[in-house]
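Given next are the chains, with one letter for each unit.
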Amino acid sequence: MHSRFPFMILVSILVSLTLFSPALLCAQPPLRFAPLPMVSEQMLKHDFEAFSDFLAQQSNHPVQLVLKKNYRKLIDDLLSDNIDLAYLGPLPFVLLTEKDPNIVPIVRFVDKTGQSTYTCCLASFRGDRINLDNDRPLLVSLTQPYSTCGYLMTEVLLQRHDYHLEDGSYIFSGNHSESALDVLRGTTQVAGLKTTIAEKYHHLGLTVLEESAPLPGFVLIA
C-alpha cells in the first residue's frame, strides 16, 4: 500500500464504531483487523501498525493487526467471523458482500493527496521495449485472483490491444510488489498491478505501458 494509509478519516465514525456494531461489542477482545496483502508482510506491518493503534484509540477497544498472505483466505475469515475489520479494495468488497450483505463499509480511505480512487496498470521493464500491440504471446505476472488489479483489470487493459490473458501465459505472483519484481527479474514480460506501486520501481527500470480509468478506492469494513 505505497500510498500509505490516510489519516483524512471521519474520526466521528470510528469513535462510534462499537456503538453501531453490537456484534463487535460482544466479541472477545481484541478486534482483529486485516489489510489486503498487497505487499510483503514486512511492508504491511510497517504500513498498518500505526493505523491499528489509531483504530484502537478511536474505538476505545484493543485492535490486533492480522496479516494474511491470500485474498481468498482473508475473505473466508471475514465470512467465518475470524476477522472483525478489514481494509478492502473494490473487487474483494463486492465478492464479500455478495455472500454476506451484513458486512458494511465504515470508512472510505483517501490517499495523501485527498483522492479516494486509484488506478491499475500494465508495466514492463524499460529495456525490453515491450509493444502491447505487436508482441505475441506475452507472459504476464498478476497479483492474486481476487485482486482488482489482478486478472480482472489486467484483462481489461490487454483487451484495449486486442489481446487476452488466455492468448499467452500468466502467473500469480502473490502481491503487487512481487508482480513488479517478476518483470524486473526477467521471469515475466508484463506485470498487472496498482499504478502507485509500479511507480515505486520506476528507478529500477519499470515503466507503465497502460493505465486504467480511476477505480473506487479502498474501504474499512466490519
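Residues numbered from 1 in each chain as written. Predicted model: local features only at pLDDT ≥ 70, side-chain atom pairs only at ≥ 80, totals over all residues. Heavy atoms only, no water.

Peer 1: Lay out the sheet that holds strand β12 (residues 219-221) in plain terms, naming residues and giving numbers.
Peer 2: In space, the 5 strands of this open sheet follow the order β2-β1-β3-β12-β4, with mixed pairing throughout. Edge positions in the open sheet fall to β2 (63-65) and β4 (105-108), since each of these has one partner strand only. The average undirected angle you get between the axes of adjacent strands in this sheet is 25°. With 3 bridges joining them, strand β1 (residues 31-35) and β2 adopt parallel strand pairing. Across the sheet, the residue bridging to Phe33 is Leu65, located in β2. Its contacts with the sheet put helix α6 (residues 90-99) on β3 (85-88), β4 and β12, and the angle it makes with β3 is roughly 130°. (Pairing = 2+ DSSP bridges. Helix = DSSP H or I, 4+ residues; strand = E, 2+ residues; numbered from the N terminus. Axes fitted to C-alpha atoms, helices over the stretch in contact; angles between N-to-C directions. Contact = heavy atoms within 4.5 Å.)

Peer 1: Any chance you could break down the environment of Thr196 for me, citing the residues and the numbers?
Peer 2: Among the secondary structure elements, Thr196 is positioned in helix α9 (residues 195-199). You can call Thr196 partly exposed: its relative accessible area is 29%. (Buried < 20%, exposed > 50% of the residue type's maximum accessible area, 1.4 Å probe, protein only.)

Peer 1: Account for helix α7 (residues 148-159), naming residues and giving values.
Peer 2: Under the 1.5 Å per step criterion, the end-to-end length of α7 is 16 Å for 12 residues, consistent within 8% with the ideal 16 Å. For α7, every residue scored as buried is listed here: Thr148, Cys149, Gly150, Met153, Thr154, Glu155, Leu157 and Leu158. (Expected span 1.5 Å × (residues − 1).)

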